[in-house]
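Take a look at the letters that make up each chain.
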Amino acid sequence: MAITASSRSAAAAGAQDGAQVSERSPFARLTDLLSPFQPGKPLINMSIGEPQHPVPGFVGPVLAKHINEFGRYPAAKGTEPFRQAAAAWATRRFDLPKAVDPETEILVLNGSREGLFFAAIAAARYVGPRKGAPAILVPNPFYPAYAAGARAAGCEAVFLPTTRDNGFLPDLDSLSAETLDRTVAFYLASPANPQGAVASRAYFDRVKQLADRHGFIVLSDECYSEVYTGEAPGSMLASAGSDFANVVAFQSLSKRSNLPGMRVGFVAGDSKFLARFHELRNVAAPQVPVPLQHVAVAAYSDEAHVDENRRLYRIKFDLADQILGNRFDYRRPAGGFCIWLDVSAHGGDEAATVKLFREGGVRVIPGSYLARPQADGSNPGAGYIRVAMVQQDSETTAEALHRMVDVLNEARG
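Cut-off values and rules
- Residues numbered from 1 in each chain as written.
- Predicted model: local features only at pLDDT ≥ 70, side-chain atom pairs only at ≥ 80, totals over all residues.
- Heavy atoms only, no water.
- 1 Å grid on protein atoms, 1.4 Å probe; cavity = no way out; pocket = protein on both sides within 12 Å on 5 of 7 lines; lining within 4 Å.
- Points joined across faces, edges and corners; volume = space filled by probe spheres on them.
- Nonpolar A, V, L, I, M, F, W, Y, C, P; charged D, E, K, R; others polar.
- Pairing = 2+ DSSP bridges.
- Helix = DSSP H or I, 4+ residues; strand = E, 2+ residues; numbered from the N terminus.
- Core = buried A, V, L, I, M, F, W, Y, C linked by side-chain atoms within 4.5 Å.
- Buried < 20%, exposed > 50% of the residue type's maximum accessible area, 1.4 Å probe, protein only.
- Contact = heavy atoms within 4.5 Å.
- Phe/Tyr/Trp six-rings, centres within 6.5 Å; stacked < 30°, edge-to-face > 60°.
- Lys NZ or Arg CZ within 6 Å of the ring centre and 35° of its normal.

A.B. asks: Tell me about empty space enclosed by the protein, and please be specific about residues and values.
C.D. replies: Tallied over the entire structure, the rule returns 4 cavities of 30 Å³ or more. The calculated volume of the largest cavity comes to roughly 70 Å³. Lining the largest cavity are 14 residues; nearest its centre among them are Pro139, Pro141, Ala189, Ala192 and Asn193. Among the residues forming the lining of the largest cavity, the class breakdown is 11 nonpolar, 3 polar and no charged.

Shown next as structure tokens:
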């Protein structure tokens, strides 16, 4: 069924109460859910996607060398060495037909999250009036910054369910011309969080065609692109043409380089949009300390630590293949470090989350907390749990997976 104005109105009316709750951080909601209970075994936290592999060895020496530069106010645009390193990496990594211009087609970010949030505001200003109430398309489930950005931009978030039936990516055929004509921006995540789906080149091409035809900005969240166990995920930038028109892609060192606390990333793409984005960020967004940008230069110039990172994740997903098998409808994800497990046969996602915590000491997050109700009242995340495979050692990962199987008493299907 195409998503139209009438279905939008039904969604707004039917999901209002649920949206009030789900606008809270899913992790705050999880804390509330579990607060009456104690873990039944020593806690293994697999609810937060915080990489725990070792920090690369070059980080300390680079920081020490540039420690005095903490005494400088950073430029919002980013240092020239950072922009050159990030632009060269993106061009090389995604085999782009045209090199990213470090002067006009890239900006440093204080991690990808703040960039994704502020980009919605910038897109609403850049695109201008729409044919109807301005909308921002959001995959459902989604990273919370997307909905927060849409709200801050004064746009309606149109939630696009991503289920196994549509490959866990938004169904482009469901979008009516009416919806697309009022769209300001389209948040797209590949690899997807939480399901790990990866968009094909043909999918990216089609999104680009829709953006050009209807005049909206694609905000492509690619922060998980370097975590995969098979074929390397592509980038929306490769489908964006010689000028990257209507397309920007977001990257971060949090997952790629195990630096979640450093808060450094970048956005690359459409130079006209980025010029307006820079104007907004120059007065409102957090800046990135210069020493951290030097660390990023080193990180984007080295692939050995990234290869090692992937090797460690590969070991853990091999364990999941062995221990979970086809339990919980488990499928090894194409990208990212989360697994998306169907626990609908175990009382639902909240009940399974509580049971795993109380009896097994394993902390996961209910899938419904990562999504919003659709017009028909259904929640695409309901019945699933997200398990972040981020523990530093494979032994802890194996222990957590065994506990999950034991606690939920799931026989091999």
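There's more to say after this.
A.B. asks: Run through the sheet that holds strand E12 (residues 384-388), naming residues and quoting values.
C.D. replies: The strand order across the open sheet formed by 3 strands is E9-E12-E11, and the pairing between neighbours is antiparallel. Looking at strand neighbours, the two that pair on one side only are strand E9 (338-342) and strand E11 (365-366), the edges of this open sheet. As judged from the 2 bridges shared by E11 and E12, these two strands associate in the antiparallel manner. Following the sheet pairing, Pro366 is matched in E12 by Ile385.

A.B. asks: Give me the nonpolar core: which residues, what numbers.
C.D. replies: Ranked by size, the top nonpolar core spans 64 residues in total, and within it Phe82, Val100, Val207, Val264, Phe266 and Tyr300 carry the most contacts. The residues touching Val264, leaving out its near neighbours within four places in the chain, are Phe82, Val108, Leu109, Gly111, Ser252, Leu253, Val288, Leu292 and Ala296.

A.B. asks: Can you lay out the packing of aromatic side chains for me, pointing to particular residues and giving the numbers?
C.D. replies: Tallied over the full model, the rule gives 15 aromatic pairs. With 5.3 Å between their ring centres and 40° between their planes, Trp89 and Tyr300 make a pair best called tilted. Of this pair, Trp89 sits in helix H5 (residues 80-93) while Tyr300 sits in helix H12 (residues 290-300), placing them 211 residues apart in sequence. Per residue, the accessibility class of Trp89 equals that of Tyr300, and both read buried. By the ring-pair criterion, three or more aromatic residues cluster together here, those being Phe82, Trp89, Phe94, Phe266 and Tyr300. Its end group placed over the ring of Tyr369, Arg29 keeps NZ or CZ at 4.0 Å from the ring centre. A cation sits over an aromatic face here: Arg281 above Phe277, 6.0 Å from the ring centre.

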